[in-house]
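Here is how the chains run, residue by residue.
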Amino acid sequence: MAVSLLIGGALVVATIVIHYEVLRLISVALPQMRLPLRLRILVVVLGCFAAHTIEVWAYAAGYLLLDRVGLGSLHGNLELHFADYLYFSVTSYSTLGFGDIYPAGALRLISGIEALNGLFLIGWSTSFTYLAMERLWPLHTRARSHTDRRE
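About the cut-offs
- Residues numbered from 1 in each chain as written.
- Predicted model: local features only at pLDDT ≥ 70, side-chain atom pairs only at ≥ 80, totals over all residues.
- Heavy atoms only, no water.
- Helix = DSSP H or I, 4+ residues; strand = E, 2+ residues; numbered from the N terminus.
- Rg over C-alpha atoms; globule rule 2.2 N^0.38 Å.
- Buried < 20%, exposed > 50% of the residue type's maximum accessible area, 1.4 Å probe, protein only.
- Contact = heavy atoms within 4.5 Å.
- Core = buried A, V, L, I, M, F, W, Y, C linked by side-chain atoms within 4.5 Å.
- Axes fitted to C-alpha atoms, helices over the stretch in contact; angles between N-to-C directions.
- Parallel < 35°, antiparallel > 145°, perpendicular 65-115°, else oblique.
- Left-handed = near helix turned anticlockwise from the far one by under 90°.
- Nonpolar A, V, L, I, M, F, W, Y, C, P; charged D, E, K, R; others polar.
- Patch = residues over 30% accessible without salt bridge, like charges linked within 9 Å, V, L, I, M, F, W, Y side chains within 5 Å.
- Areas by Shrake-Rupley, 256 points an atom, 1.4 Å probe, with all protein chains shown as cover.
- Salt bridge = Lys/Arg side-chain N within 4 Å of Asp/Glu carboxyl O.

**Student:** Help me out: how do you make sense of the overall build of the protein chain in this one?
**Tutor:** Assigned secondary structure in the protein chain consists of 4 helices and 2 strands. For the protein chain, the α and β elements follow one another from N to C terminus as α-α-β-α-β-α. Since a compact globule built from 151 residues should have a radius of gyration of about 15 Å, the 20 Å found for the protein chain marks it as more spread out than a globular shape. Within the protein chain, the proportion of its 151 residues that are buried is 35%. Of all intrachain contacts in the protein chain linking residues separated by at least 6 positions in sequence, the fraction that spans at least 24 positions is 72%.

**Student:** Help me understand the environment of V45 in this model?
**Tutor:** In this structure, V45 sits in helix 2 (residues 37-68). For the pair V45 and D100, spaced 55 residues apart in sequence, the C-alpha to C-alpha distance is 30 Å.

**Student:** What am I meant to see in the nonpolar core here?
**Tutor:** Nonpolar side chains in soluble globular proteins tend to be buried together. In terms of nonpolar packing, the biggest core is built from 16 residues, with Y59, Y63, L74, Y85, F88, L107 and I110 touching the most fellow members. Where this core is concerned, the elements lending two or more residues are helix 2, helix 3 (82-93) and helix 4 (106-150). Tallying contributions element by element places helix 2 first for this core, with 5 residues. V22, L30, V44 and C48 belong to the second largest nonpolar core, which has 12 residues in total.

**Student:** I tried to follow unusual backbone geometry on my own but got confused; where do I start?
**Tutor:** Glycine aside, the phi torsion of most residues is negative, and most peptide linkages are trans. Even without being a glycine, L80 presents a positive backbone phi close to 60°. By relative accessible area, L80 is classed as exposed at 67%. Look at T95: it is not a glycine, yet its phi comes out positive at around 60°. Its location among the elements puts T95 in the loop between helix 3 and strand 2 (101-105). Among the residues examined, T95 registers a relative accessible area of 45% and is labelled partly exposed.

**Student:** Would you mind showing me how to read the packing of helix 1 (residues 2-29) against helix 2 here?
**Tutor:** When two helices pack together, their arrangement is given by the angle between the helix axes and the distance between those axes. Contact geometry of helix 1 with helix 2 gives a least axis separation of 10 Å together with a crossing angle of 160°. By the criterion of interaxial angle, the relationship of helix 1 to helix 2 is roughly antiparallel. Where helix 1 crosses over helix 2, the handedness of that crossing is right-handed. From helix 1, I7, G8, L11, V12, T15, I18, H19, V22, L23 and I26 reach across to helix 2, where they touch V43, V44, G47, C48, A51, H52, I54, E55, A58, Y59 and L66. Here the residues of the contact of helix 1 with helix 2 sort into 15 nonpolar, 5 polar and 1 charged.

**Student:** What should I look at first to understand a nonpolar patch on the surface in this one?
**Tutor:** A cluster of nonpolar side chains, V3, L65, V69 and L71, forms an exposed patch at the surface whose accessible area comes to about 350 Å². Mapping V3 onto the fold places it in helix 1.

In structure tokens, the structure reads:
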């Protein structure tokens, strides 16, 4: 159990750092972008999605590693490919949890940690997107009214 907590804690710290750095990078780059407002909003959303994708892959790699060293395993409808670990990670991270693949051993605790971590990080992305939209949306309205005045 101590190994599970240690690995789960390391994954939480790693994913929080990844998320922070991606959001920081977006925050720094966004004001300097010479893109239409719609595309800047798309950059925010796709940037958040990219961060979540990296984080899901980190957990999937952790599950694979733990399985390979014999500290846990996945059971159920498996093909024994990395895609199984990735699929399980996505369902855990998003708290969807289909149940067709389920963890055993140390993976049980880590999948619960991933669900809590994923919920937090998805909420963080939601908050970040809201704040970006709050800054960009008035510009969109102003740009449109400015165009209307020219016509």
